[in-house]
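Letter by letter, the chains look like this.
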Amino acid sequence: MTAQGAGRVTIADIAREAGVSLPTVSRVLNGRADVSPSTRRRVEELLAHHGYRRRGAQAGSRAELIDLVFNDLDSPWAVEILRGVEDVAHAAGLGTVVSAVHHRSTSAQQWLVNLRARASDGVILVTSDLAPELYPELSRLGVPTVIIDPAGVPTFGIPTIGAMNWAGGRSAVEHLLSLGHRRIGIITGPPTLLCSRARLDGYRAALESAGVEIDDRLVRQGDFSHEAGFGSGAELIGLADPPTAIFASSDQMALGVYEAARQHDLRIPDDLSVVGFDDLPQVQWSPPPLTTVRQPLDEMGQVAARTLLRLIQGETLESPHVELATRLVVRSSTGPLHR
């Protein structure tokens, strides 16, 4: 493309090279649906190749958009984060573009192409499974970025917002210990996630502090889903010497344990005490209402959005990494040991 020489590439240049009209390029930039997939793909590839950022992203004005990126959107957990982000974004007059990359590198690459085209003002990642090479690309584009609940040790100098997972895991198990339970099972999240490892470490710390030997047979790995809670819960209940209490590292898994207990004719909490983690809105209505560790998901979204706004405005952060407090919420799914 030579029309602009050393100058800025225009949408007229993009349209000419793509062999489409100016309105077609404009529709792609504005996310309109009335463009064929093949044409959209060709235009987006050219926009990415030439590093095009629409005029609103140049010379001091803004696109008034932020991107919010999840691995998946099928969890109530994601809804709570989204609510917090949108509260702050709406108050600031910003739109929110929500995407899911589904743990696939191709989805992440396509999202990055779309990000370039939108010229969003900033990005909140509720995932850090993006390919490592994408982070320098975000930096090259000059897009401020914040991560919520990072999978591993934060890298690339990106600010992070998380919760006190270790303290939350410890408080859950200390509560069960205070009720007389000693055989306490745990269903963890994926070991690649920092929050999963921290909750497991909190579990171990509570048992060790109480002088209770850790039995590796009572540790099961899940993925935060209802299905994982059901499967792992059934495995723990089926042991020759089963646990009298189970700490599930997410509310979704705790509800899966509920179903496993029901199918084994166990009553909660008379036969089995259960503690979750998250305090999703629906668990206060589950039969029985779930004792859980409240993770301030909506507040995490709010803090992430406020942090991103400060970065967009060029402010310096006092601390790049923030951890919000967790709190044990005792309801009716835990009770004294009866056997």
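Residues numbered from 1 in each chain as written. Predicted model: local features only at pLDDT ≥ 70, side-chain atom pairs only at ≥ 80, totals over all residues. Heavy atoms only, no water.

- Where an unreviewed UniProt entry is consulted, the protein chain appears under the name LacI family DNA-binding transcriptional regulator, with the organism given as Streptomyces macrolidinus.

1. Here we look at the pattern of salt bridges
If charged atoms from side chains of opposite charge come close, those side chains can pair.
Then step 1. The full count for this structure, using the stated rule, is 16 salt bridges.
Then step 2. A salt bridge links E80 to R83; the nearest nitrogen and oxygen atoms lie 2.6 Å apart. With E80 and R83 both in helix α4 (residues 76-91), this residue pair falls three residues apart, about one helical turn.
Then step 3. Under the relative-accessibility criterion, E80 is labelled buried at 13%.
Then step 4. Taking relative accessible area as the criterion, R83 reaches 41% and is therefore assigned partly exposed.
Then step 5. The partner of R267 in a salt bridge is D270, with the nearest N and O atoms 3.6 Å apart.
Then step 6. A relative accessible area of 38% places D270 in the partly exposed class.
Then step 7. Several salt bridges share partner residues, and in doing so they unite R183, D215, R217 and D241 into one network. (Salt bridge = Lys/Arg side-chain N within 4 Å of Asp/Glu carboxyl O. Helix = DSSP H or I, 4+ residues; strand = E, 2+ residues; numbered from the N terminus. Buried < 20%, exposed > 50% of the residue type's maximum accessible area, 1.4 Å probe, protein only.)

2. Quick notes on the sheet that holds strand β10 (residues 291-294)
Then step 1. Here we have six strands laid out as an open sheet, ordered β7-β6-β8-β9-β10-β12, and mixed in their pairing. Single-partner strands in this sheet number two, and they are β7 (219-221) and β12 (327-329). The mean inter-strand angle of the sheet, taken between neighbouring strand axes irrespective of direction, is 20°.
Then step 2. As judged from the three bridges shared by strand β6 (residues 184-188) and β7, these two strands associate in the parallel manner. Its bridge partner being in β7, T188 is matched across the sheet by Q221.
Then step 3. Strand contacts of helix α7 (residues 165-178): β6, β8 (245-248), β9 (273-278), β10 and β12, with the helix running at about 165° to β9, the strand carrying the most contacts.
Then step 4. Running over the sheet, helix α8 (residues 194-209) touches β6, β7, β8 and β9 and is turned about 165° from β6. (Pairing = 2+ DSSP bridges. Axes fitted to C-alpha atoms, helices over the stretch in contact; angles between N-to-C directions. Contact = heavy atoms within 4.5 Å.)

3. Focus: the pairing of strand β5 (residues 160-163)
Then step 1. Neither face of β5 is open: one carries T160 and G162, the other I161 and A163, and all of them are buried.
Then step 2. Relative to β5, strand β4 (residues 145-148) is paired through two bridges, and the arrangement is parallel. Within β5, the position partnered with I148 by the bridge is I161.

4. Some details on the nonpolar core
Then step 1. In this structure, I81 and I124 are the most contacted members of the largest nonpolar core, which totals 61 residues.
Then step 2. Tallying contributions element by element places helix α11 (residues 297-312) first for this core, with eight residues.
Then step 3. Formed by 15 residues, the second largest nonpolar core is a distinct cluster that contains L112, L115, L125 and I158. (Core = buried A, V, L, I, M, F, W, Y, C linked by side-chain atoms within 4.5 Å.)

5. Topic: helix α3 (residues 37-49)
Then step 1. If you check α3, its first and last C-alpha atoms are 18 Å apart, about what 13 residues at 1.5 Å a residue would give, namely 18 Å.
Then step 2. Looking at α3, one finds that the buried residues are T39, R40, V43, E44, L46, L47 and A48.
Then step 3. Immediately downstream of α3, the backbone of G51 shows phi near 60°, a positive value. (Expected span 1.5 Å × (residues − 1).)

6. What to know about the packing of helix α9 (residues 226-237) against helix α10 (residues 251-263)
Then step 1. Packing of α9 against α10 leaves a shortest axis separation of 6 Å and a crossing angle of 45°. Relative to α10, the element α9 is oriented oblique. At the point where α9 passes α10, the crossing takes the right-handed sense. Counted together, H226, A228, G229, F230, G233, A234 and I237 of α9 and Q252, M253, L255, G256, V257, E259, A260, A261 and Q263 of α10 form the full contact between these two elements.
Then step 2. Residue composition of the contact of α9 with α10, grouped by class: nine nonpolar, six polar and one charged. (Parallel < 35°, antiparallel > 145°, perpendicular 65-115°, else oblique. Left-handed = near helix turned anticlockwise from the far one by under 90°. Nonpolar A, V, L, I, M, F, W, Y, C, P; charged D, E, K, R; others polar.)

7. Some points on the packing of aromatic side chains
Then step 1. Inspection of the entire model under this criterion finds one aromatic pair.
Then step 2. With a centroid separation of 6.4 Å and 45° between ring planes, the pair formed by F247 and F277 is classed as tilted. You can see F247 sitting in strand β8 and its partner F277 sitting in strand β9, a full 30 residues away along the chain. Take F247 and F277: they sit in the same class, and that class is buried.
Then step 3. R199 extends its terminal NZ or CZ atom over the ring of F277, reaching a point 3.8 Å from the ring centre. (Phe/Tyr/Trp six-rings, centres within 6.5 Å; stacked < 30°, edge-to-face > 60°. Lys NZ or Arg CZ within 6 Å of the ring centre and 35° of its normal.)

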